[in-house]
Amino acid sequence: MPDVASEVMNAILDESETHIQKTGQVPRPQVHIVAEDMDEPYQYIGYIATRPFYRGADAATAVADLGRLPSALAATRLFVVWEEVDLRLALEMPNRQPVHGLSVVDVRSDGHTVLWLPFEVAQDDAGIIVIWGKPTRHENVKLHAPSKR
């Protein structure tokens, strides 16, 4: 039986690529909610994405609100996803990343893993194509503290 975490990661990548190809935009920040202590097929509870937001404080509030639903559920694992350049612009943070990429934080009770998935976008006769770069993994790295609202 496939691992639910692997299935969620594959779905995140597939849906992100499809979204970019269809809209020309990166996906909004989102949280995928998993309850690994439940029986299959109910482990994947679902996901929540940010509402549309304006740059600055409104963006920070929209991102912070992503934690409300998972905190109310019996989630044992979360996958927090955002496009790095887009979110840094929205939060008015310095951008140290020279390329676009998805950041996926796999949050577990015993720690977290940050997966960095760089990508480039090109256009051909068929439309927009996403070219994924080499992913990197980072175990239990320091994450930004939540902003004060």
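The structure reproduced in this document is the subject of the present report. Remember, it's a predicted structure, so these values are computed and weren't measured experimentally.

About the cut-offs
Residues numbered from 1 in each chain as written. Predicted model: local features only at pLDDT ≥ 70, side-chain atom pairs only at ≥ 80, totals over all residues. Heavy atoms only, no water. Helix = DSSP H or I, 4+ residues; strand = E, 2+ residues; numbered from the N terminus. Expected span 1.5 Å × (residues − 1). Buried < 20%, exposed > 50% of the residue type's maximum accessible area, 1.4 Å probe, protein only. Arc of directions from axis to C-beta. Contact = heavy atoms within 4.5 Å. Salt bridge = Lys/Arg side-chain N within 4 Å of Asp/Glu carboxyl O. Phe/Tyr/Trp six-rings, centres within 6.5 Å; stacked < 30°, edge-to-face > 60°.

### Things to note about helix H1 (residues 4-23)
The α-helix advances 3.6 residues per turn, and as a result positions three or four apart in sequence lie on the same side.
Item 1. For H1, spanning 20 residues, the distance from its first C-alpha to its last is 28 Å, which sits close to the expected 28 Å at 1.5 Å a residue.
Item 2. Looking only at H1, the buried set comprises Val4, Ala5, Val8, Met9, Ile12, Ser16 and Ile20. Take H1 and look down its axis: the buried residues cluster within an arc of 140 degrees, on one side only.
Item 3. Tucked inside the fold, the buried residues of H1 contact strand E1 (30-34), strand E2 (44-49), strand E3 (77-83), strand E4 (100-108), strand E5 (111-124) and strand E6 (127-132).
Item 4. Positive phi appears at Gly24, one or two residues downstream of H1, with a value of about 75 degrees.

### Some points on the pattern of salt bridges
Item 1. In total, this model carries 8 salt bridges according to the counting rule given.
Item 2. For Arg88, the salt bridge is made with Glu84, and the minimal N-O distance between the two is 2.8 Å. Here Arg88 and its partner Glu84 are both found in helix H4 (residues 84-90), 4 residues apart, which amounts to about one turn of the helix. Note on accessibility: Arg88 and Glu84 belong to one class, buried.
Item 3. Linked by salt bridges that have partners in common, Glu36, Arg77, Asp106, Arg108, Asp110 and Glu139 make up one network.

### Brief notes about the packing of aromatic side chains
Item 1. For the structure shown, the criterion picks out 1 aromatic pair.
Item 2. Between Phe119 and Trp132 the ring centres are 5.5 Å apart and the planes differ by 65 degrees, which places this aromatic pair in the edge-to-face class. Here Phe119 is found in strand E5, whereas its partner Trp132 is found in strand E6, with 13 residues between them in sequence.

### Here's the deal with the environment of His100
Item 1. Tracing the chain through its elements places His100 in strand E4.
Item 2. Judged by its relative accessible area of 39%, His100 falls in the partly exposed class.
Item 3. For the pair His100 and Val34, spaced 66 residues apart in sequence, the C-alpha to C-alpha distance is 27 Å.
Item 4. Setting aside its immediate chain neighbours within four residues, His100 contacts Glu83, Val85, Trp116, Pro118 and Phe119.

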